[in-house]
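The lines below spell out each chain.
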Amino acid sequence: MSGCACGHHHHHHHDAALGGTEIPLTQPLIALSGHLTCADMSQMMLALDLLPDHVALSRAEPGNLRFDLSQTEDPLIWRLDELFADAEAFAAHQARTKASEWGQRSTDIARAFDRIEVLPRIRAEHPQEAAAISALLRLAFGGQDEARLVEMLRDQDDLTLSFVAEAGGSIIGHVALSPLQAEGPALALAPVAVHPAAQGRGIGDALIRAALDAVPGHTIVVLGDPAYYSRFGFEPADLASPYAGPHLMALGPALPKGSAITHAPAFAAL
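Residues numbered from 1 in each chain as written. Predicted model: local features only at pLDDT ≥ 70, side-chain atom pairs only at ≥ 80, totals over all residues. Heavy atoms only, no water.

1. Brief notes about the environment of Glu73
Inspection of the secondary structure assignment puts Glu73 in the loop between strand E6 (64-71) and strand E7 (77-84). According to the relative accessible area criterion, Glu73 is exposed, its value standing at 84%. Between the C-alpha atoms of Glu73 and Val175, which are 102 residues apart in sequence, the distance is 37 Å. (Helix = DSSP H or I, 4+ residues; strand = E, 2+ residues; numbered from the N terminus. Buried < 20%, exposed > 50% of the residue type's maximum accessible area, 1.4 Å probe, protein only.)

2. As for the side chain of Asp81
With respect to the helices, strands and loops of the structure, Asp81 is situated in strand E7. Within the local environment of Asp81, its side chain forms a polar contact with the side chain of Arg79, the two groups lying 3.0 Å apart. With sequence-adjacent residues up to four places away left out, Asp81 is seen in contact with Leu32, Ser33, Arg66, Phe67 and Asp68. (Polar contact = N/O pair within 3.5 Å; in protein donor to acceptor, adjacent residues only side chain to side chain. Contact = heavy atoms within 4.5 Å.)

3. With respect to the pairing of strand E15 (residues 248-251)
With 4 bridges joining them, strand E13 (residues 219-223) and E15 adopt antiparallel strand pairing. Note that in E15 the partner of Val221 across the bridge is Ala250. Looking at chain direction, strand E14 (residues 235-236) and E15 are connected through 2 bridges and run antiparallel. Within the sheet, the bridge partner assigned to Glu235 lies in E15 and is Ala250. (Pairing = 2+ DSSP bridges.)

4. Some points on the packing of helix H4 (residues 130-141) against helix H5 (residues 145-155)
Contact geometry for H4 and H5: axes closest at 8 Å, N-to-C directions at 150°. Taken together, the axes of H4 and H5 lie roughly antiparallel to each other. Residue-level contacts link Ala130, Ile133, Ser134, Leu137, Arg138 and Phe141 of H4 to Glu146, Ala147, Val150, Glu151 and Arg154 of H5. In terms of residue class, the contact of H4 with H5 is made up of 6 nonpolar, 1 polar and 4 charged. (Axes fitted to C-alpha atoms, helices over the stretch in contact; angles between N-to-C directions. Parallel < 35°, antiparallel > 145°, perpendicular 65-115°, else oblique. Nonpolar A, V, L, I, M, F, W, Y, C, P; charged D, E, K, R; others polar.)

5. Thoughts on the packing of helix H1 (residues 41-59) against helix H2 (residues 87-99)
H2 packs onto H1 with a crossing angle of 150° between their chain directions and a minimal axis gap of 11 Å. Of the possible angle classes, the one that applies to H1 and H2 is roughly antiparallel. Between H1 and H2 lies a crossing of right-handed hand. Across the interface between the two elements, His54, Leu57 and Ser58 from H1 touch His93, Arg96 and Thr97 from H2. (Left-handed = near helix turned anticlockwise from the far one by under 90°.)

6. A look at the nonpolar core
Counting 41 residues, the largest nonpolar core has Leu189, Ile203, Tyr229 and Phe234 as the members making the most contacts within it. When residues of this core are assigned to their parent elements, the largest contribution, 5 residues, is made by helix H6 (residues 203-214). If sequence neighbours within four positions are ignored, Phe234 has contacts with Leu189, Leu212, Ile220, Val222, Tyr229, Met249, Ala250 and Leu251. (Core = buried A, V, L, I, M, F, W, Y, C linked by side-chain atoms within 4.5 Å.)

7. So, the confidence of the model for the protein chain
Looking at the protein chain as a whole, the pLDDT averages 93, with 93% of positions reaching at least 70. Contacts for the low-pLDDT stretch residues 1-18, under 50 throughout, to residues beyond four places or in other chains number 48 contacts. (pLDDT = per-residue confidence, 0-100.)

8. Re the pattern of salt bridges
With the rule as written, the count across this model stands at 11 salt bridges. We note a salt bridge from Glu22 to Arg121, for which the minimum N-O separation is 3.3 Å. Here Glu22 is found in strand E4 (residues 21-22), whereas its partner Arg121 is found in strand E9 (residues 121-124), with 99 residues between them in sequence. A relative accessible area of 42% means that Glu22 is categorised as partly exposed. Among the salt bridges present, the one from Asp205 reaches Arg231, with a minimum N-O distance of 3.0 Å. In this pair, Asp205 is assigned in helix H6 and Arg231 in the loop between helix H7 (226-229) and E14, connecting sequence segments 26 residues apart. Three or more residues joined by partner-sharing salt bridges are found here, namely Arg59, Arg66 and Asp68. (Salt bridge = Lys/Arg side-chain N within 4 Å of Asp/Glu carboxyl O.)

9. Focus on the environment of Asp238
Structurally, Asp238 can be placed in the loop between E14 and E15. Sequence separation between Asp238 and Gly258 is 20 residues, and the spatial gap between their C-alpha atoms is 5.5 Å. Each residue touching Asp238, except ones within four places of it in the same chain, is listed here: Pro256, Lys257, Gly258 and Ser259.

10. Side note on H2
Taking 1.5 Å per residue, 13 residues should reach 18 Å; H2 reaches 19 Å between its end C-alpha atoms and fits that length. Among the residues of H2, Ala89, Phe90, His93, Gln94 and Thr97 are the ones counted as buried. Projected down its long axis, H2 carries its buried residues within an arc of 145°, all on one side. Exposed residues lying more than 90 degrees from the buried face of H2 are Glu88, Lys98 and Ala99. Measuring from the side-chain oxygen of the N-cap residue of H2 to the backbone nitrogen of Glu88 gives 3.2 Å; that N-cap residue is Asp86. (Expected span 1.5 Å × (residues − 1). Arc of directions from axis to C-beta.)

Shown next, in the form of structure tokens:
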């Protein structure tokens, strides 16, 4: 074990999560889990006073993906789970924490933490993860529309595929496929989301490729940036749709030119 500027103590090892397909990253994410333990009521009161700001400031760090802190059944003990984009982001957190009021006034509060290098894994969503997926979509897109779309698709049994990228117990990416009415087996790809702290790392690409690999023989239609989606083989689609135009693209078995496609009702509800 080794100490760090936060006062944490860490083991250094790789994620042992089971299931799903690992996404290779040049730099792994950094996950920490453990406890803060107060020696007495005065330390507990100090923690209650200072921790809300510490949590808010930690969550606001550009490299932070998760910072969850809660008292356990023993009010002197807090459970903490953290996730950072990479070692550099964690080092920035350490430096900020050390200089903060929390870092300077809480040195007597005991810390016991494990540090783990983790790589995201792609798998199907679990039923209990709907709220976490909605929260990710709101964060990634800065609004409600994409979260509402996925919620409605799920509620209307139109969420054909829902894959997440999970790391350190947190949902950091998501991709959805929904049914299309078309002259052949077809699905709509949308939305695709990655936590802002983990964007630009290839996680979105991996989610899209996993979704495409899961539905062979289907035409996949997307409304998106041609410069981005062309890398997967998407091409402009000549189809009759309210979304027709340069951003309507398709991949897979060609649908008849000019034929009509109809998205799931949830799209029209937005």
